[in-house]
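Single-letter residue listing:
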2 protein chains.
Amino acid sequence: MPIDDEAGSGAAFSQSLERGLMILSSFSETRPVLGIADISRAVTLNKSTTYRYVATLARLGYLHQDPETKKYSLGPKVVDLGFAALNSLEINRVAAPCLQSLADESGYTVSMAVLDGPDVVYVERRRSGRAAGGFAISLNLHVGSRLPAYCTSMGKVLLAHLEPAVLRALLDRTDFARRGPKTLTNREQLTAALAKIRQTGVAVNDEELAAGLRSVAAPVRDRTGRVVAAINIAVHLTVWATTADTVVARLERPLRHTAAEISTRLGYR
Amino acid sequence: MPIDDEAGSGAAFSQSLERGLMILSSFSETRPVLGIADISRAVTLNKSTTYRYVATLARLGYLHQDPETKKYSLGPKVVDLGFAALNSLEINRVAAPCLQSLADESGYTVSMAVLDGPDVVYVERRRSGRAAGGFAISLNLHVGSRLPAYCTSMGKVLLAHLEPAVLRALLDRTDFARRGPKTLTNREQLTAALAKIRQTGVAVNDEELAAGLRSVAAPVRDRTGRVVAAINIAVHLTVWATTADTVVARLERPLRHTAAEISTRLGYR
DNA sequence: CTCGCCGTTCGAACTGTTGAAACGCTCTGT
DNA sequence: ACAGAGCGTTTCAACAGTTCGAACGGCGAG
């Protein structure tokens, strides 16, 4: 066992599996097509070792090889898995209709996300017919997208309800990069914001991720009371939404209502 | 190398990786939460071996363990991968807007799918605002869904354009189970249908998958002329759509147009 | 024609993997 | 209280799957 990461769990581990998965995740939206040599460099493995794993992945349908170029891309099996994962989150099944209603009523895009380490992952997303596209296109946001938690409304909600020790560990390894005009660029600002979120129960993103983009988020709890997800309403800069306060005033109520509705359906009292 | 499958490729293969992936795919929409013992039985592996792989998957974020029940479910990393895969299919990027237009114009649900072995996998799906839900709910169809090719319009289009040898191999291991009132339940019927599809260029599904459900599909070609995907329009039984012919008459034209449009954007002349 | 890079194959050295057994735990029925 | 069954987890020596350098044949560029 070469691996002796921090947090001394380190006992049971499969090197081969890790390497195979490293290869799978070396494919991304920005690098969708790779050859053996590309992959081998990306994961720093011997070329023939890489080849054996890639051949395995291809044989099992996780990778697809273009017969002409000999290069590989992700296969349909991976799509399968991804959607099995999405549907596993029982939360989606109960939340989807609530989110749709909220989108229809408010006329804006509503999303739901969970926390994965320092990132949020979108697990559901509903647009009202009225508000087409907008920032979703510029940011290329969709179900499955990842965004750093510290600069999103849902991320801040989720961080705010983490156990202090876990939160501290997370913040230790987050880089407060400036993403928008008003990004919280240091730990103190974020910690203060989280405290306020714990008080008020909602988080606001006021152009912290991108210019002209504001959102309000609220927590979703399961039957044990744990915050398992967050939902938000996002609004692009418009004639009426000129300050964060205006946005909150208009959207907080229906948002809270929907979050509460979903929580209730998950068994939270 | 213990494996010596048919089709003597069998050289480079990683047992460990295969086993790890078997574990991942033992999770499904119907079995979203599994314990070590469940998995071990499902993949017929020794319990401790299973444990080691599961621990690895969990450590890397592909599985999530509920701290209370100790049971596992698919993690966000898998969702990531799935969407990376979807976006890798560059075809989606170019097709999505065309499909949306077609959905809006026709007022029906349009889909796109690729072939994976004997199944079709939905890779894109657009509903017009008008036609809400319907069979999509009863069949629980969504992007990532799999359906046997022989009883779907898109599946038949894709089968029709396969190389004869590949097609034969596929048909050898398909079970022509009855799925709807008019399912093609033997090889001869299907082969005849495929011949007609090659002639006309479109495939029709006339209640072969489910009662009251009809659809028309057309092929999408890439720059090399190969059929890489199919698109369809599906229509629920309604007042005007009482026979397959009526449906075709009304939808064939716009469908062909959109399929051609997408093919052109992929570089097909 | 040569060079360089590619995907792929080979094989002996070796190291990560295997699986039975046992641990501590929580239930369930007695 | 108790025994038993089942669970997730840990251990370890024997083993078998994996590793990586080297080499092959094909391809495109110079």
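- Chain A is annotated in an unreviewed UniProt entry as IclR family transcriptional regulator from Actinoplanes flavus.

**Observations concerning unusual backbone geometry**
At step 1: Non-glycine residue A:Lys70 carries a positive phi angle of around 70 degrees.
At step 2: Mapping A:Lys70 onto the fold places it in the loop between strand 1 (63–65) and strand 2 (72–74).
At step 3: Although it is not a glycine, B:Thr44 adopts a positive phi angle of roughly 50 degrees.
At step 4: Inspection of the secondary structure puts B:Thr44 in the loop between helix 2 (36–43) and helix 3 (47–59).

**Brief notes about the protein's contact with DNA strand D**
At step 1: Every one of the 22 residues lining DNA strand D counts as a neighbour, but A:Asn46, A:Ser48, A:Arg52, B:Gln15 and B:Tyr51 are closest to it.
At step 2: For DNA strand D, the fraction of atoms within 4 Å of the protein that belong to sugar or phosphate moieties is 71%.
At step 3: Between DNA strand D and B:Phe13, the relevant distance is 3.5 Å, taken from a phosphate oxygen to a main-chain nitrogen or oxygen of the residue.
At step 4: Within the side chain of B:Tyr51, a nitrogen or oxygen atom sits 2.9 Å from a phosphate oxygen of DNA strand D.
At step 5: Counting residues per element, the ones that place at least two in the surface near DNA strand D are helix 1 (15–25) and helix 3 (47–59) of chain A together with helix 1 (15–25), helix 2 and helix 3 of chain B.
At step 6: Each residue belonging to the surface near DNA strand D can be placed in one class, and the counts come to 7 nonpolar, 10 polar and 5 charged.

**Section: the interface of chain B and chain A**
At step 1: Counting from both sides, the interface comprises 50 residues of chain B and, opposite them, 50 residues of chain A.
At step 2: Contact between chain B and chain A buries roughly 4,600 Å² in total, counting both sides, with carbon and sulfur atoms accounting for 68%.
At step 3: Interface area lost by chain B to chain A is led by B:Leu17, B:Arg59 and B:Phe83, which between them contribute 14%.
At step 4: At the surface where chain B touches chain A, the tally comes to 2 salt bridges.
At step 5: B:Asp80 is the salt-bridge partner of A:Arg146, the closest N and O atoms lying 2.3 Å from each other.
At step 6: Counting the contacts that link chain B with chain A gives 6 residue pairs in polar contact (both at pLDDT 80 or more).
At step 7: Those elements that place two or more of their residues in the side of chain B that touches chain A are helix 1, helix 3 and helix 4 (76–88) of chain B.
At step 8: The dominant element in the side of chain B that touches chain A, judged by the number of residues it contributes, is helix 4 of chain B, at 13 residues.
At step 9: A breakdown of the residues in the side of chain B that touches chain A according to their chemical character gives 25 nonpolar, 15 polar and 10 charged.

Conventions adopted
Residues numbered from 1 in each chain as written. Chains lettered and ligands numbered in written order. Predicted model: local features only at pLDDT ≥ 70, side-chain atom pairs only at ≥ 80, totals over all residues. Heavy atoms only, no water. Helix = DSSP H or I, 4+ residues; strand = E, 2+ residues; numbered from the N terminus. Near = heavy atom within 4 Å. Polar contact = N/O pair within 3.5 Å; in protein donor to acceptor, adjacent residues only side chain to side chain. Nonpolar A, V, L, I, M, F, W, Y, C, P; charged D, E, K, R; others polar. Contact = heavy atoms within 4.5 Å. Buried area = accessible area lost by both parts, 1.4 Å probe. Salt bridge = Lys/Arg side-chain N within 4 Å of Asp/Glu carboxyl O.

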